[in-house]
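Listed below are the residues making up each chain.
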Amino acid sequence: MLIEREFSEEGDLEQALELVYDSNGIEKSRAMAEHHSKLALQELDCLSPSPSTQALMELTDYLLSRIK
């Protein structure tokens, strides 16, 4: 409902933030990001070492560091 009306009513943003907080949404998002980063790194194992492969590996670390 909040998203459908594009947070157009008074208090919508505050309600959305409360829902995220109450549902541990931030922690769950962090855990999901870590999980998918590990999967991505596993998929990179099949590639030959190269600057591009290294950059992709470093990208996963960078992205996780931004959300902590």
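Here the structure is a predicted model, which means the values were calculated and not measured.

Caption draft 1: Examining the pattern of salt bridges more closely. Across all of its chains, the model carries two salt bridges by this definition. Among the charged side chains, a salt-bridge network with shared partners connects Arg5, Glu9 and Asp12.

Caption draft 2: Main features of the side chain of threonine 60. As for its position among the elements, threonine 60 is in helix α3 (residues 51-66). From its side chain, threonine 60 meets the backbone oxygen of methionine 57 in a polar contact 2.7 Å long. Among residues more than four places away in sequence, those in contact with threonine 60 are Ser37, Ala40 and Leu41.

Caption draft 3: Representation of the side chain of threonine 53. Assignment of secondary structure puts threonine 53 in helix α3. Since its relative accessible area comes to 6%, threonine 53 is described here as buried. A polar contact of 3.1 Å, which involves the side chain of threonine 53, links it to the backbone oxygen of serine 48. Polar side-chain contacts of threonine 53 include one of 3.1 Å to the side chain of serine 50.

Caption draft 4: Layout of unusual backbone geometry. Backbone geometry at glutamate 6 places phi at a positive 55 degrees, although glycine is not the residue there. Within the secondary structure, glutamate 6 sits in the segment before α1 (12-22). The exposed category is assigned to glutamate 6, whose relative accessible area is 65%. Of note, asparagine 24 is a non-glycine position whose phi angle comes to about 55 degrees, a positive value.

Caption draft 5: Structural context of α3. Between its terminal C-alpha atoms α3 stretches 22 Å, which fits the 22 Å expected from 16 residues at 1.5 Å a residue. Within the span of α3, buried status applies to Thr53, Thr60 and Leu64. The arc enclosing the buried residues of α3, seen along the axis, measures out at 25 degrees, which places them on a common side. Exposed residues on α3 whose side chains face more than 90 degrees from its buried face are Pro51, Ser52 and Arg66. Considering only its buried residues, α3 is in contact with α2 (25-44).

Conventions adopted
- Residues numbered from 1 in each chain as written.
- Predicted model: local features only at pLDDT ≥ 70, side-chain atom pairs only at ≥ 80, totals over all residues.
- Heavy atoms only, no water.
- Salt bridge = Lys/Arg side-chain N within 4 Å of Asp/Glu carboxyl O.
- Helix = DSSP H or I, 4+ residues; strand = E, 2+ residues; numbered from the N terminus.
- Polar contact = N/O pair within 3.5 Å; in protein donor to acceptor, adjacent residues only side chain to side chain.
- Contact = heavy atoms within 4.5 Å.
- Buried < 20%, exposed > 50% of the residue type's maximum accessible area, 1.4 Å probe, protein only.
- Expected span 1.5 Å × (residues − 1).
- Arc of directions from axis to C-beta.

Nothing here speaks to function; it is geometry throughout.
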